[in-house]
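# What the coordinates show
So the chains spell out like this:
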Amino acid sequence: MFKVLRLIDIRCSLQYIPQNSLSIMPKYNGYETPEYQVIDGPVKDASYEVRKYPTAKWTSTEVSSPVLDGAPSTGFRRLFNYITGKNESGNTISMTCPVTIAVNNRESAFANMKTIVSFYVPTSHQEKPPVPTADDVYTEDRKETTVYVKTFGGFAKSKDWYNQVTQLREDLIKDGVKEDQIKNDMFYAVSYDNPYKFFWRRNEVWITKKSNKETLSSNKNKIQHPMKNKLQSFKNDSENNEDNANLAPR
């Protein structure tokens, strides 16, 4: 396993992509990454980027873990088995990056964290990805999505992901993005490098922008159930504080 990951790292060399491209399919360290379009944000010279990802297929697996740090290795192992032949065709599928981890809010302070770890399906297999043979791996169809992206370095741990996404959310609100225009019940923790890369690591947190339809639905719900929403907001804040305490390093 070590040799495989080192081979992945040796092939790596960051390729810079023009920021003004209408639609780009960049490569990171020689690996294919999903196509996206950089679009205008709420303000100029923001500390984050706004990207629109088109509809695409991803290979995913759900991982339940007490803390966020436990999800990546478990999910990566399942997905790595899939791309190295554990599929109905028995074929090896090209490695891509990044690895995205959809992090959902806990149902309660004592519940395990539910995450979805995913690899982007290479362009050569987008039309018809090989079917996984493992019961806990599946092909995910992601619809067109717009995300706010904050990039940072280092070896990211639970507290880092939460600190970065909190900062991103605060920056968005400061720049005029309303809370009902973004998804607050989940975020993406996104990693581009393997564990054996010690310098110049790249991590991202993504907050999903709601579609106009989702925003209208959210506003309608607030009008119809103002007290219910206030109580739910209080409950979420309390649970989030408890979650962050549970995630603190021991």
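Residues numbered from 1 in each chain as written. Predicted model: local features only at pLDDT ≥ 70, side-chain atom pairs only at ≥ 80, totals over all residues. Heavy atoms only, no water.

## A word on the pattern of salt bridges
- Inspection of every chain in the model, using the stated rule, returns 10 salt bridges.
- A salt bridge links Glu204 to Arg51; its shortest N-O distance comes to 2.8 Å. Of this pair, Glu204 sits in strand S11 (residues 203-208) while Arg51 is found in strand S4 (residues 49-53), placing the two residues 153 residues apart along the sequence.
- On the basis of relative accessible area, Glu204 is assigned to the buried category, the value being 0%.
- For Arg51, a relative accessible area of 2% corresponds to the buried category.
- When the shortest N-O distance is used, the salt bridge between Asp193 and Lys197 registers 3.2 Å.
- Taking relative accessible area as the criterion, Lys197 reaches 14% and is therefore assigned buried.
- Within this structure, Glu49, Arg51, Arg202 and Glu204 form a network of salt bridges that share partners. (Salt bridge = Lys/Arg side-chain N within 4 Å of Asp/Glu carboxyl O. Helix = DSSP H or I, 4+ residues; strand = E, 2+ residues; numbered from the N terminus. Buried < 20%, exposed > 50% of the residue type's maximum accessible area, 1.4 Å probe, protein only.)

## Describing the packing of aromatic side chains
- Under the definition given, this model contains 11 aromatic pairs.
- Ring centres of Tyr48 and Tyr148 lie 6.1 Å apart, and the angle between their planes is 80°; on these two criteria the pair is classed as edge-to-face. Residue Tyr48 is located in the loop between strand S3 (37-39) and S4, and its partner Tyr148 is located in strand S9 (residues 145-152); the two are separated by 100 residues in the primary sequence.
- A centroid spacing of 5.6 Å and a plane angle of 70° characterise the contact between Phe76 and Phe119, whose relative ring orientation is edge-to-face. Of this pair, Phe76 sits in helix H2 (residues 71-83) while Phe119 sits in strand S7 (residues 113-120), and the two are 43 residues apart along the sequence.
- Phe76 gets classed as buried once you look at its relative accessible area, which sits at 18%.
- With a relative accessible area of 3%, Phe119 lands in the buried category.
- The side chain of Arg51 reaches across the aromatic face of Tyr36, ending 4.7 Å from its centre. (Phe/Tyr/Trp six-rings, centres within 6.5 Å; stacked < 30°, edge-to-face > 60°. Lys NZ or Arg CZ within 6 Å of the ring centre and 35° of its normal.)

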